[in-house]
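Listed below are the residues making up each chain.
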2 protein chains.
Amino acid sequence: MGVEIERKFLVTHDSWHDLAPGVLYRQGYISTQPERTVRVRVAGDRAFITLKGATQGTARSEFEYPIPLEDANEILNVLCVSPLIEKYRHKIELNGLTWEVDEFLGENQGLVIAEVELENADQAIELPDWIGEDVSHDSRYYNSNLVTHPFNRW
Amino acid sequence: MGVEIERKFLVTHDSWHDLAPGVLYRQGYISTQPERTVRVRVAGDRAFITLKGATQGTARSEFEYPIPLEDANEILNVLCVSPLIEKYRHKIELNGLTWEVDEFLGENQGLVIAEVELENADQAIELPDWIGEDVSHDSRYYNSNLVTHPFNRW
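Quantities reported herein were computed from a predicted structural model and do not represent experimental measurements. (Residues numbered from 1 in each chain as written. Chains lettered and ligands numbered in written order. Predicted model: local features only at pLDDT ≥ 70, side-chain atom pairs only at ≥ 80, totals over all residues. Heavy atoms only, no water.)

Is there a simple way to think about the environment of Ala121 of chain B in this case?
In this fold, Ala121 of chain B is placed in the loop between β8 (112-117) and β9 (131-134). Sequence separation between Ala121 of chain B and Glu6 of chain B is 115 residues, and the spatial gap between their C-alpha atoms is 7.9 Å. (Helix = DSSP H or I, 4+ residues; strand = E, 2+ residues; numbered from the N terminus.)

Below, the structure written as structure tokens:
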């Protein structure tokens with residue numbers, strides 16, 4: 001289906017918070033192997049299964065398909081590695097880019113991450129003032145790793 | 001999506017062979033963990049992703065979704081554990097049941113397995129004369145295990 005190129009940053013303060021409403025995301029992993037991740041996600045009232053390959057630089061193969069919400073809830077409860085990841089996602093449009101700011105809940109409460117998807121790896125981006133450290137290459141921040149090593153145990 | 005109840009048998013001779021044509025199946029696994037298997041299958045010109053949970057008796061939760069053929073081929077090449085499973089599947093209708101007879105290729109050449117899906121675990125079935133040993137509970141015959149422990153190494 002395609003290749004995802006994205007960068008990921010810590011968020012330093014709360015001035016982004018009123019720019020977009022948060023949608024509750026619940027997601028779990030059937031495989032957390034970095035070279036073949038399988039994620040099931042419920043985003044509001046929609047659900048998806050997503051396969052991702054190994055990260056190469058800032059790019060990663062990604063295949064995503066919508067699935068019935070009822071199936072997704074059953075898969076999250078029955079098949080996924082526990083615990084699940086829960087977070088509010090805020091989609092913020094700024095200067096032609098979409099920033100996805102994730103406020104994590106549960107065992108990852110306190111963690112706030114912003115991701116931006118790019119058209120190519122060299123694309124220049126204007127960083128909002130609430131953007132902090134670039135953690136694109138820090139695997140601790142992979143959602144799949146936040147299942148097994150949640151933020152409150154760092 | 002549902003629960004799959006099936007029984008699996010070895011096949012003892014070739015008299016089934018002319019009952020139905022074979023369709024080439026190529027399939028690979030993103031997760032071979034028995035409690036959460038993820039399979040991508042190309043069956044002729046169609047493709048699917050299938051999630052299966054742990055086997056409980058003869059039943060197993062199963063969720064299956066069609067995906068584009070082009071995606072499936074890319075996932076088989078890029079994401080799946082190698083080697084892939086290749087086989088000809090013959091669907092044989094007999095006495096109201098559908099028997100799926102799989103003739104394996106490659107490292108599993110020589111292995112022929114027949115599966116039948118049931119409506120309930122206690123359903124009586126009439127066995128054709130080419131049906132041999134019941135291997136429903138023998139995990140060596142799981143397709144996911146034939147990837148890592150192919151028949152030619154038994």
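Don't stop here, the text continues.
Sorry if this is basic, but what is going on with the pattern of salt bridges here?
Close approach of charged atoms allows side chains of opposite charge to pair. Inspection of the entire model under this criterion finds 23 salt bridges over all chains. A salt bridge links Arg140 of chain A to Asp138 of chain A, with the shortest nitrogen-to-oxygen separation between them at 2.9 Å. For Arg26 of chain B, the salt bridge goes to Glu86 of chain B, with nearest N and O atoms at 3.1 Å. Of this pair, Arg26 of chain B sits in strand β2 (residues 22-31) while Glu86 of chain B sits in strand β6 (residues 81-94), and the two are 60 residues apart along the sequence. (Salt bridge = Lys/Arg side-chain N within 4 Å of Asp/Glu carboxyl O.)

Before we go on, may I ask you to explain the pairing of strand β4 (residues 46-56) of chain B in this structure?
Where a strand is regular, its side chains alternate between the two sheet faces. Residues and elements named next belong to chain B. As paired elements, strand β3 (residues 36-43) and β4 share 8 bridges and run antiparallel to each other. Bridge assignment links Val38 to a residue of β4, and that residue is Leu51. Count of turn residues in the β3/β4 antiparallel hairpin: 2 residues, of which Gly44 carries a positive phi of about 65°. Examined bridge by bridge, β4 and strand β5 (residues 59-66) share 7 bridges and lie antiparallel to one another. Within β5, the position partnered with Thr50 by the bridge is Glu64. (Pairing = 2+ DSSP bridges.)

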